[in-house]
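One letter stands for each residue in the lines below.
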Amino acid sequence: MGNHPFSIVEEVKFRDIIAKGFPKRKCIYRKTLMHKISTTAINMRDSLKNKLTSTSVKYVCVTTDGWSVYKRSYIGMTVHWFNYTTLLRESAVLACKRIKGRHTYDVITKMICKVFCEYGITNKVTRVVTDNGSNFVKAFRVFGSEMKTAAEVWLDQIEHENDNSDDSDGDEDAEDGIEVIELDSILNNTDDQDIAYSLPPHHRCASHTLNLVATKDSENALSNVLYKKQARSTFGKMQVLWNKQDRSSQVADEIHDSLNKYIQIPNMTRWNSTFRAVQCLKDQLKKDEEKVLKICDVANIPRFDKKDRNFMTDYCIVMEPLVKALDILQGDKSVCMGYLLPTINWLSKQLEELSLTGGCCKALAAACAQGVEKRFKNMKKDSTIILAAVSHPKFKLRWLSGDEKKEANDLLQLEIDATPNFDINDGISSKLPQGEDEFLFNDEDVEEPYPEIDRFIKAPYTSDLTMLNSMTIVKDIFIKYNTALPSSASVERLFSVAGDICSKKRSRMSDKNFEDTLFCKVNLKTINK
């Protein structure tokens, strides 16, 4: 848990400390330690498999991404689900397996399917969340499926039954066209390329998509001459100051001595850091402008003037809604798919309002608003994502307006009509009996078929999900569509822990020891609950 080298148990000083603290005990050797870690990982995988395949876990979501360190490449996978009783989010690491060779879409598909089969969750995965990498996108475009609502599945079944009934008369004639296939040629073919792989529905990471809005779509604002001129001037000065602090110890010391802190420098792989860096410099100029101007003189760069300060202020005002949206969607404890569309709707309204106000950055707000609309256009039309938000007690219908509310309400009602009310423990439907047994029930005792939707819509807005325990059908719909996460940030956090384990001094660790150690470290609290 402390990311120490495994060989520490064989160091003399360590063994002396153990001998003093536990004189009657013998300290284990490295070989024994690795055997214990391997055995623990095996037991924890079995426990995780038993938990995921149990009836208490009906749906799961998986996040996956690629990661490279010290000339090695890995694919990481995390799994997330709701506890059916407490409605609390639970998470665990599935795997962090080594990838050798090219990271093509078919290789990724094989590894994902292999992990799903290992844990027996192939039929439970509602969505797999990845970034917008071309290899992942192609893997799900070729082998993936679409997530459908219960109503859509029901309509497909009716259509399929009608097609079969229409074709029943031509069965005798169809026998004449039977094609004979040599069975030996199939059995003797061991090429993996001919195996029919199937992946669950895919969801592109919302955080990564918003990151593209902030980095790529925002560049469209440069078509505005005034914005382009001021942006290049201000960002040019800031970039020189950031580079000076990073490369010159003299400038770095001057900054720390003057401000009692270093100026935040952006990280190119995380757009949030650019906003934080601009905000940091803006706050320092507001707090003590003279000290910052003195630093500019020492660094031999042009001073920041009033136009630069106004640009920084306007830039932070425009980009702050994007940062808030990113922070919300990157959560994995209280956040679920239902947060996506309400957050995006709120963000679009904020950017549209900012694009109509004055200031040198209104062109930036308009460019970002267009980017959000373009990149989330398909998600806004996805009925499963709409149901995720509508079935969430915190949002329901209030994030919609006009005719959208009626359409979403009808969609939820249709989903309730098509969803059987199953008990998670015994799988027995709790709907009222139909047909021959109807005479056993008096008309006075029979309730409305689905009174839940009225009680759910009229109930107060709340983040407390336990209120769904009194609404079995809505609860099942909520879990089905909200098990998925809007972002793949959780697998990024997995790689942060992995980077601490596979450090420069431990880069020779075998792939098996690395995966076992990472699995035990991250899953220790989850599996022992």
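Per chain, residues are indexed from 1 in the order of the written sequence. In keeping with the model being predicted, local features are shown solely for residues with a pLDDT of at least 70 and side-chain atom pairs are shown and tallied solely at 80 or more, while totals for entire chains, interfaces and linings include all residues. The side-chain quantities take in all heavy atoms of the structure and omit both hydrogens and water.

1. Some thoughts on the overall build of the protein chain
So, point 1. Looking only at helices and strands, one finds 22 helices and five strands in the protein chain.
So, point 2. Sorting the 529 residues of the protein chain into buried and exposed places 44% on the buried side.
So, point 3. When contacts within the protein chain are restricted to residue pairs at least 6 apart in sequence, long-range pairs at least 24 apart make up 73% of them.
So, point 4. When the accessible surface of the protein chain is summed, it comes to about 29500 Å², and 50% of that surface belongs to carbon and sulfur atoms. Each helix is a run of DSSP H or I of at least 4 residues and each strand a run of E of at least 2, with the numbering of both proceeding from the N terminus. When accessible area is computed with a 1.4 Å probe and restricted to protein chains, residues below 20% of their type maximum are described as buried, those above 50% as exposed, and intermediate ones as partly exposed. Between two residues, a contact is recorded if the distance between any of their heavy atoms is within 4.5 Å. Here, Shrake-Rupley sampling with a 1.4 Å probe gives the accessible areas, and only protein chains in the shown set may cover a residue.

2. Observations concerning the sheet that holds strand β1 (residues 60-69)
Whether parallel or antiparallel, the strands of a sheet pair through hydrogen bonds between backbone atoms.
So, point 1. With mixed pairing, the five strands of this open sheet are ordered in space as β3-β2-β1-β4-β5. The open sheet has two edge strands with one neighbour each: β3 (89-99) and β5 (202-204). For this sheet the average axis-to-axis angle between neighbouring strands, irrespective of direction, equals 25°.
So, point 2. In this description, strands pair whenever DSSP reports at least two bridges between them. By the bridge criterion, ten bridges tie strand β2 (residues 72-82) to β3 in an arrangement that is antiparallel. Within β3, the position partnered with Thr 78 by the bridge is Val 93.
So, point 3. Every angle, taken between N-to-C directions, lies between 0 and 180 degrees, and every axis is a line fitted to C-alpha atoms, over only the stretch in contact when it is a helix. Packed on one face of the sheet, helix α3 (residues 105-119) meets β1, β2, β3 and β4 (125-130) and runs near 130° to β3.

3. Side note on unusual backbone geometry
So, point 1. Residue Lys 71 is not a glycine yet carries a positive backbone phi of 65°.
So, point 2. Note that Lys 71 resides in the loop between β1 and β2.
So, point 3. Judged by its relative accessible area of 88%, Lys 71 falls in the exposed class.
So, point 4. Positioned with a positive phi, Asn 260 is a non-glycine residue whose angle comes to about 65°.
So, point 5. As for its placement among the helices and strands, Asn 260 is situated in the loop between α10 (249-259) and α11 (272-287).

4. So, the packing of helix α9 (residues 225-247) against α11
So, point 1. Running from N to C, α9 and α11 point in directions that differ by 95°, and their axes come no closer than 12 Å. Between α9 and α11, the interaxial angle falls into the category roughly perpendicular. For the pair α9 and α11, contact is made by Phe 235, Met 238, Leu 241 and Trp 242 and by Ala 277, Val 278 and Leu 281, respectively.
So, point 2. Here the residues of the contact of α9 with α11 sort into seven nonpolar, no polar and no charged. Geometric relationships in this document are graded by angle, where less than 35 degrees denotes roughly parallel, more than 145 denotes roughly antiparallel, 65 to 115 denotes roughly perpendicular, and other angles denote oblique. Each residue is assigned to one of three groups, with Ala, Val, Leu, Ile, Met, Phe, Trp, Tyr, Cys and Pro labelled nonpolar, Asp, Glu, Lys and Arg labelled charged, and all others, Gly among them, labelled polar.

5. Considerations on the pattern of salt bridges
So, point 1. Between Lys or Arg on one side and Asp or Glu on the other, a salt bridge is scored when a side-chain nitrogen of the former is within 4 Å of a carboxyl oxygen of the latter. Applying the stated criterion across every chain, the model contains 19 salt bridges.
So, point 2. The shortest N-O distance in the salt bridge between Asp 382 and Arg 127 comes to 3.2 Å. Of this pair, Asp 382 sits in the loop between α16 (377-381) and α17 (383-390) while Arg 127 sits in strand β4; the two residues are 255 residues apart in sequence, bridging distant segments of the chain.
So, point 3. On the accessibility criterion, Arg 127 (5% relative accessible area) is buried.
So, point 4. Across the salt bridge formed by Lys 237 and Asp 308, the nearest N and O atoms sit 2.7 Å from each other. Here Lys 237, found in helix α9, pairs with Asp 308, found in helix α13 (residues 306-329); they are 71 residues apart in sequence, far enough to count as distant.

6. Re α13
So, point 1. A helix is expected to span 1.5 Å multiplied by its residue count minus one. The end-to-end C-alpha separation of α13 is 35 Å, in line with the 34 Å expected for 24 residues at 1.5 Å each.
So, point 2. The N-cap residue of α13 is Asp 305: its side-chain oxygen and the backbone nitrogen of Lys 307 are 3.2 Å apart. By the criterion applied in these results, polar contacts are pairs of N or O atoms within 3.5 Å in which, for protein atoms, one can donate a hydrogen and the other can accept it, and in which residues neighboring in sequence qualify only through two side-chain atoms.

7. Digging into the environment of Ser 223
So, point 1. If you trace the backbone, Ser 223 turns up in the loop between α8 (206-215) and α9.
So, point 2. Of the polar contacts made by the side chain of Ser 223, one reaches the backbone oxygen of Asn 220; its length is 2.8 Å.

8. A short note on the packing of aromatic side chains
So, point 1. Pairing of aromatic rings covers Phe, Tyr and the six-membered ring of Trp, with a centre-to-centre limit of 6.5 Å; geometry is then stacked below 30 degrees between planes, edge-to-face above 60, and tilted otherwise. Taken as a whole, this structure holds twelve aromatic pairs when the rule is applied.
So, point 2. Measuring from ring centre to ring centre gives 5.5 Å for Trp 67 and Phe 495, while their planes differ by 10°; the resulting arrangement is stacked. Of the two residues, Trp 67 sits in strand β1 while Phe 495 sits in helix α21 (residues 489-501), which places them 428 residues apart along the sequence.
So, point 3. When its relative accessible area of 16% is taken as the criterion, Trp 67 is described as buried.
So, point 4. You can call Phe 495 buried: its relative accessible area is 5%.
So, point 5. Taking the centre distance of 5.4 Å and the plane angle of 80° together, the rings of Phe 235 and Tyr 315 count as edge-to-face. In this pair, Phe 235 sits in helix α9 while Tyr 315 sits in helix α13, placing the two residues 80 residues apart along the sequence.
So, point 6. On the basis of relative accessibility, which here comes to 5%, the residue Tyr 315 falls in the buried class.
So, point 7. Three or more aromatic residues joined by ring pairs form one cluster here, namely Trp 67, Tyr 74, Phe 495 and Phe 514.
So, point 8. To sit over a ring, a charge needs its Lys NZ or Arg CZ within 6 Å of the ring centre and within 35 degrees of the ring normal. In this structure, Lys 396 packs its charged tip against the face of Tyr 461, placed 4.7 Å from the ring centre.

9. Considerations on the pairing of β1
Put simply, side chains in a regular strand alternate between the two faces of the sheet.
So, point 1. Burial within β1 is extensive, with eight of its ten residues counted as buried.
So, point 2. Direction of pairing for β1 relative to β4: parallel, over a ladder of four bridges. Residue pairing across strands places Val 60 opposite Val 125, the latter belonging to β4.
So, point 3. The pairing of β1 with β2 spans nine bridges and is antiparallel. The residue bridging Trp 67 from the neighbouring strand is Tyr 74, located in β2.

By themselves these figures say nothing about function.
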